[in-house]
Amino acid sequence: MKDVVVQRVGMNIMSVNLLGWKKQENDYVRKGEPLFVVESNMATTEFAALHEGKLKFILRSQGQVNIGDVIGILDDEK
């Protein structure tokens, strides 16, 4: 299992607004494929999956999240 973590979008940005997911629970995700979208006061950013596997759980679907928060779980076992 791998955590899906909110990644840094800027040096001084500590939290962002999670706008939503590009995938749903149980969808298969390939590494580099768009996974979720966040918005900061500077820009809207689409994040790609860092790992490949099934999106097992979405822990946060929308709203304010901090950089480093775990927002989902990816099952990367083959």
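From a predicted model like this one, the values you see are computed outputs, not experimental measurements.

Caption draft 1: Seen up close, the nonpolar core. Within the largest apolar cluster, 17 residues are counted, with the highest numbers of intra-cluster contacts made by Val 4, Val 16, Leu 18, Trp 21, Leu 35, Phe 36 and Ile 71. Counting only elements with at least two residues in this core, the list comes to strand S2 (15-21), strand S4 (34-39) and strand S8 (70-75). Among residues more than four places away in sequence, those in contact with Leu 35 are Val 4, Trp 21, Lys 22, Lys 23, Val 29, Phe 47, Ala 48 and Ala 49.

Caption draft 2: Looking closely at the sheet that holds strand S3 (residues 28-29). The 4 strands are arranged S1-S8-S6-S3 in an open sheet whose pairing can be described as antiparallel. For this open sheet the edge positions go to strand S1 (2-5) and S3, each flanked by a neighbour on one side alone. Looking at chain direction, strand S6 (residues 53-58) and S8 are connected through 4 bridges and run antiparallel. Looking across to S8, one finds that Lys 54 is bridged to Asp 75.

Caption draft 3: Looking closely at unusual backbone geometry. The backbone phi angle of Asn 26 is positive, close to 75 degrees, even though this residue is not glycine. Residue placement: Asn 26 occurs in the loop between S2 and S3.

Here is what the cut-offs are and how they apply
- Residues numbered from 1 in each chain as written.
- Predicted model: local features only at pLDDT ≥ 70, side-chain atom pairs only at ≥ 80, totals over all residues.
- Heavy atoms only, no water.
- Core = buried A, V, L, I, M, F, W, Y, C linked by side-chain atoms within 4.5 Å.
- Buried < 20%, exposed > 50% of the residue type's maximum accessible area, 1.4 Å probe, protein only.
- Helix = DSSP H or I, 4+ residues; strand = E, 2+ residues; numbered from the N terminus.
- Contact = heavy atoms within 4.5 Å.
- Pairing = 2+ DSSP bridges.

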